[in-house]
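Fold and contact review
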Amino acid sequence: MLLLPAAASYNAGVSPKKGTAEIFVNVAVMAAIRHPLTYRVPDSLDVRVGQRVVVPLGNRRAAGVVVEPVVKPAPGLNVRDILRVLDPEALLSPELITLGVWIADYYLAPVGEVFRAMLPLRADTVREQVVSLTEKGLERVEEYGRDLSAVTNLERTYLAYFRDQAALRGAAPLDSFRRKFGKEGAEWFAQTEREGLITVTTRERQRKSREVYSVVLTGPLSRSSVRISPAAQRIVAALERGPVEDHRELVTSARTSLARLKRLQQEGLIGLRPGVEGRTATALTTASGLDEWPELTGPQTAAFEDLRLRLEKREFGVVLLHGITASGKTEVYLRLIRHCLAQDRTALMLVPEIALTPALQELYSSRLGARVAMLHSGLSELDRHKEWWRARRGEARVALGTRSAVFAPLENLGLLIVDEEHDSSYKQQETPRYHGRDVAVVRARLAGALAILGSATPSLESYLNAREGKYHLARLEERIGGRPLASVEIVDMRQEFRETVSRVPISRRLKEEMDVQLKSGAQTMILLNRRGFAWFLLCRSCGQSVGCANCSISLTYHRREHRLICHYCGFSAAVPSRCPACGSEYLNYVGEGTEKIESKLAEMFPGARVARLDRDVARRPAQFARILSDFRQGKIDILVGTQMIAKGHDFQGVTLVGVVSVDAGLALPDFRAAERTFQLLAQAAGRAGRGSAPGRVLVQTFYPDHYAVRFAAQQNFEAFFEKEIRFRRTMHYPPVTAFANVVAQDADLAQAAKVARKVEEFFQTVEKPTPEVRVLGPAPAPLARLEGKYRLQFLLRSKSRARLHSVVERMADYCYRNGVAPRALMIDVDPVSVM
């Protein structure tokens, strides 16, 4: 564990006093640089550890975070001065600085990029270029007179604009001039600047709050007196499903702009009602916290008392809370947080995806009131800024959020809870590639706090740690009220096909059970972990599918947008009428996603109220929350969705869960495929029977004998763990060994191969592979091209985590010294996927 910095508290100064020796500091520069750089602190600046500063970097300027004082720079080092300080006080505590440096070291990430991820702050000021009239320009205006009547029309307009803007704002923003006057203005501007009539400078101004509008449909399409464009049709179609609270959601989903919305308002088609950005986060934290606390069950009480005693020790510890679905883990969490607050300490709660659990936000705010800060990417930039500062100033004593909330600036931290700790979304897939669960454990160690990892289907890593005594194991083995687990039935789709000779995605057995549900008024959830309408568009003449321009994968058809979309890079293309490869008109949509299942069910059950929840719907938070609310209130009969409907929801009326297929996940070339399939099925089964009526689960599969499917049907985690851990030991896969995924990547295949040869050169000449560290590769990655980059993969594994880390670190340093760009080498320590 790295022990930085020397400062013991916020705002520990490192600035020199007049007449003393020079002072130097290490700065984590926010660039692709692995280690901090040393800078001199000029006499004129008051610099503190944890502050952001601006420093020279080559021939440009960059922001960075001061991480520690330096006694003496390395000999021969050309040390440059810090240019300015951005913050009046330190933003990061010594604990968070130490954590950030540890992340950079362990995950081999640029240290500045780590601190960039830690600080979801927007600047209070923005820099802009402004135009002013020079003395010569002012003289020209005086020569023409105040009305500028002697000047040509265009020049009169431009000079009057600069004169008026100077009176209003002190100078005219250059961007505003370009937007207002376009190409003609730009040509005049260049000529006038050469003549010395105007000058361009840079200034900082206070950032303004952007106005947010709610949008409603005010009139039917037929009432509009203008021709309706395709964009307007998309807007109307979206609003026909209900009002939108934040116009930015509509702008994104309908691929439009605020200017177009305002034009439609002028035409009387829609209505815009102004609001203030930031209201969403505020609304979540204004509850009084006076809701009643229900009485705990016997098992809940036993688990709470066990954890309370450990919390009261005020020392570092890790507990794995293994509680079956609907056993009441959330109530245990809430009471532990309340107890932690009573000790005058703070608490941090992580969940996999906050956008999926608005009910959890409401619950925590109703119980704990305004002491809760929400930190997640679903908030606007201003909201994240406000919530971060509420935690930093101590106004909020509890932080609730997703992966990045692990960096919440809470002082005197006593409790960290990672709910659904097995979920792969805790692992960041971009630099810095940290795992939120593991970082939470390290932060708990730094703070002397208790870390609780909760799940009904723990990760193999956490459960093995508990088995080996590294973590304390607590259990909740009964559902609340003694309710039974849902019964699970496996539907063999091989037999279904033999008997029906049909590729209909809904089996006869599932359709029969859904009929019963609708007649009884009970609710059904249908899970298919594939969004979109069809997997891909296939030419039946030449066999080619329409692929992504940037990735080695077929595009998915989305019927709502009527476009082919890549789920990796976001590239989209129009649906062709003929095959791009051979010109054939025989194109066929293959496979089914959630859009298609929603459509099929609406056809099969005309009277049923069917809705869909997946990532496409989640991009419109208001609609997402409305569907969840309607389903919870019984206004929806059948809810179709991806894995997000299997996480953390408590729907009392659901008594049937149908899993359309998990076979695609089982077939992935990834050693965690069976583990993820088991977790998904077990979590989905946990959504049924949470109310008074018993639950049933139907799992459709072409692999009914696979152990992940069988043990999930039995909801037997222990048996699955024993089987899977034997497989991992045999194959030397995590958690038995440490793993690293190294990918050489570049937009040019030859350049990617050159980078891969440098990695190979290191292992052939500097650090030859040994039985202690095994190297597999190079080989094309399963996704050989991603986001426009070709990818060649090395897999490294070792029984010694320290040894593996040392080898990978030396390999990275060797490549960088030999001209490999940092972004050409992707290093993923402890990967959750090797795709």
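Below: a short report on this structure. (Residues numbered from 1 in each chain as written. Predicted model: local features only at pLDDT ≥ 70, side-chain atom pairs only at ≥ 80, totals over all residues. Heavy atoms only, no water.)

This paragraph deals with the overall build of the protein. From N to C terminus, the protein includes 26 helices and 33 strands. Intrachain contacts of the protein at a sequence separation of at least 6 include 76% that bridge at least 24 residues. Here the protein has roughly 37,400 Å² of accessible surface; of this, 49% comes from carbon and sulfur atoms. (Helix = DSSP H or I, 4+ residues; strand = E, 2+ residues; numbered from the N terminus. Contact = heavy atoms within 4.5 Å. Areas by Shrake-Rupley, 256 points an atom, 1.4 Å probe, with all protein chains shown as cover.)

Taken together, F497, V501, F702 and Y703 make up a surface patch of nonpolar side chains, about 420 Å² in accessible area. Relative to the elements of secondary structure, V501 occurs in the loop between α16 (493-500) and α17 (508-520). Look at V501 and you get exposed, because its relative accessible area is 65%. (Patch = residues over 30% accessible without salt bridge, like charges linked within 9 Å, V, L, I, M, F, W, Y side chains within 5 Å. Salt bridge = Lys/Arg side-chain N within 4 Å of Asp/Glu carboxyl O. Buried < 20%, exposed > 50% of the residue type's maximum accessible area, 1.4 Å probe, protein only.)

It is worth spelling out unusual backbone geometry at this point. The linkage connecting P734 with the following residue, P735, adopts the cis geometry, with an omega of 10°. The phi torsion at R314 lies on the positive side, around 55°, for a residue other than glycine. Mapped onto the fold, R314 is located in the loop between α10 (298-312) and β12 (317-323). Phi is positive for D830, close to 55°, though the residue is something other than glycine. One can find D830 in the segment after β33 (825-829).

Close contact between helix α1 (residues 94-106) and helix α2 (residues 111-118) brings their axes to 9 Å; oriented N to C, the two are set at 130°. Between α1 and α2, the crossing angle belongs to the class labelled oblique. Here the hand of the crossing between α1 and α2 comes out right-handed. Here α1 contributes L96, I97, L99, G100, V101, I103 and A104 to the contact with α2, which in turn contributes V111, V114, F115 and M118. (Axes fitted to C-alpha atoms, helices over the stretch in contact; angles between N-to-C directions. Parallel < 35°, antiparallel > 145°, perpendicular 65-115°, else oblique. Left-handed = near helix turned anticlockwise from the far one by under 90°.)

The antiparallel open sheet is built from three strands, whose spatial order is β22-β23-β24. Only two strands of the sheet have a single neighbouring strand rather than two, namely β22 (556-558) and β24 (572-574). Adjacent strand axes in the sheet meet at a mean angle of 35° when their direction is disregarded. Pairing analysis gives three bridges linking strand β23 (residues 563-565) to β24, with the strands arranged antiparallel. (Pairing = 2+ DSSP bridges.)

Attention shifts here to the packing of helix α23 (residues 707-714) against helix α24 (residues 717-731). For any two helices packed against each other, one specifies the inter-axial angle together with the distance between the axes. Where α23 contacts α24, the axes come no closer than 9 Å and their chain directions differ by 160°. Between α23 and α24, the interaxial angle falls into the category roughly antiparallel. In this structure, α23 meets α24 at a crossing whose hand is left-handed. Touching Y707, A708 and F711 of α23 are A719, F720, K723 and E724, all from α24. Class assignment for the residues of the contact of α23 with α24 results in five nonpolar, no polar and two charged. (Nonpolar A, V, L, I, M, F, W, Y, C, P; charged D, E, K, R; others polar.)

All right, on to the sheet that holds strand β18 (residues 472-476) then. In space, the seven strands of this open sheet follow the order β14-β15-β13-β16-β17-β12-β18, with parallel pairing throughout. Only two strands of the sheet have a single neighbouring strand rather than two, namely β14 (372-375) and β18. Looking at each pair of strands side by side, their axes are set apart by 20° on average, direction ignored. Note: strand β13 (residues 346-350) against strand β16 (residues 413-419), five bridges, orientation parallel. When the bridges of β16 are listed, M349 appears paired with I417.

Moving on: the pattern of salt bridges. Opposite charge on two side chains lets them pair, provided their charged atoms get close. A full pass over the atoms with the stated rule returns 46 salt bridges. Note that E331 is salt-bridged to R335, the shortest N-O span being 2.8 Å. In this pair, E331 and R335 are both assigned in helix α11 (residues 329-342), four residues apart and thus about one turn of the helix distant. The residue E496 makes a salt bridge to R508 at a minimum N-O spacing of 3.2 Å. One end of the pair, E496, is in helix α16; the other, R508, is in helix α17, with 12 residues separating them in the sequence. In this structure E496 comes out as buried when scored by relative accessible area, which is 11%. Take R508: its relative accessible area is 43%, and that puts it in the partly exposed class. Within this structure, E461, R672, E675, E724 and R728 form a network of salt bridges that share partners.

A word on α17. A rise of 1.5 Å per residue sets the reference length of α17, with its 13 residues, at 18 Å; its end C-alpha atoms lie 19 Å apart and thus fit the reference within 8%. Within the sequence span of α17, burial applies to L510, E513, M514 and Q517. Relative to the axis of α17, the buried residues are bounded by an arc of 100° and lie together on one face. (Expected span 1.5 Å × (residues − 1). Arc of directions from axis to C-beta.)

In this model, helix α26 (residues 801-817) (17 residues) spans 24 Å end to end at C-alpha, consistent with the 24 Å of a helix rising 1.5 Å per residue. All buried positions along α26 are accounted for by L804, H805, V807, V808, M811, A812, Y814 and C815. Those residues of α26 hidden inside the fold are in contact with α1, β30 (738-746), α25 (749-766), β31 (773-786), β32 (789-798) and β33. Among the residues trailing α26, G819 stands out with phi positive, at a value near 90°.

A few words now on the nonpolar core. If you look at the biggest cluster of nonpolar residues, it comprises 136 residues, and the most contacted ones within it are F115, L796 and M811. Once residues within four sequence positions are removed from consideration, F115 is found in contact with A28, M30, V65, V67, L92, L96, I97, G100 and V101. C340, I354, L379 and I417 belong to the second-largest nonpolar core, a separate cluster that totals 32 residues. (Core = buried A, V, L, I, M, F, W, Y, C linked by side-chain atoms within 4.5 Å.)

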